[in-house]
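Inside the fold
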Amino acid sequence: MPALSYDPAEPPASPPPECVIPLMWLMAYQLFRDHRPDRDGFCVTCVPDEFVPCVGRHLAERGFRVACGGSDAAPLPDSGAER
Ligand SMILES: [Zn+2]
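Criteria and thresholds
Residues numbered from 1 in each chain as written. Predicted model: local features only at pLDDT ≥ 70, side-chain atom pairs only at ≥ 80, totals over all residues. Helix = DSSP H or I, 4+ residues; strand = E, 2+ residues; numbered from the N terminus. Contact = placed C-beta atoms within 7 Å. Expected span 1.5 Å × (residues − 1). Buried ≥ 20, exposed ≤ 12 C-beta atoms within 10 Å, placed from the backbone. Arc of directions from axis to C-beta.

Okay, the environment of Arg 36 next. Tracing the backbone through its elements, the reader meets Arg 36 in the loop between α1 (22–34) and α2 (55–67). For the pair Arg 36 and Arg 57, spaced 21 residues apart in sequence, the C-alpha separation works out to 7.5 Å. Apart from residues lying up to four places away in sequence, Arg 36 is in contact with Val 44 and Val 52.

In structure tokens, the structure reads:
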């Protein structure tokens, strides 16, 4: 897999040059922003008390990869079925 031109921890709001699906990038970025950690490390969107990276954050990261032509093969991590 080619090296990323962006920092996965701080992806840019605008699609990077290698992005092939700009709309998906923008949607993933919105998801990424919505599922940011608060100062204690909990997701500000997922309730109650889900640590980042939460499912939303993982989905955003997948979105960034797919938007850049990457693979969607990686399974989502188990989000914990204790709810
Ligand atoms: Zn979340």
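Another point: α1. Helix length check: α1 (13 residues) gives 18 Å between terminal C-alpha atoms against 18 Å at 1.5 Å per residue, within 8%. Turning to α1, its buried residues are Trp 25, Ala 28 and Phe 32. Along the axis of α1, the buried residues cluster in a sector spanning 65°; they form a single face.

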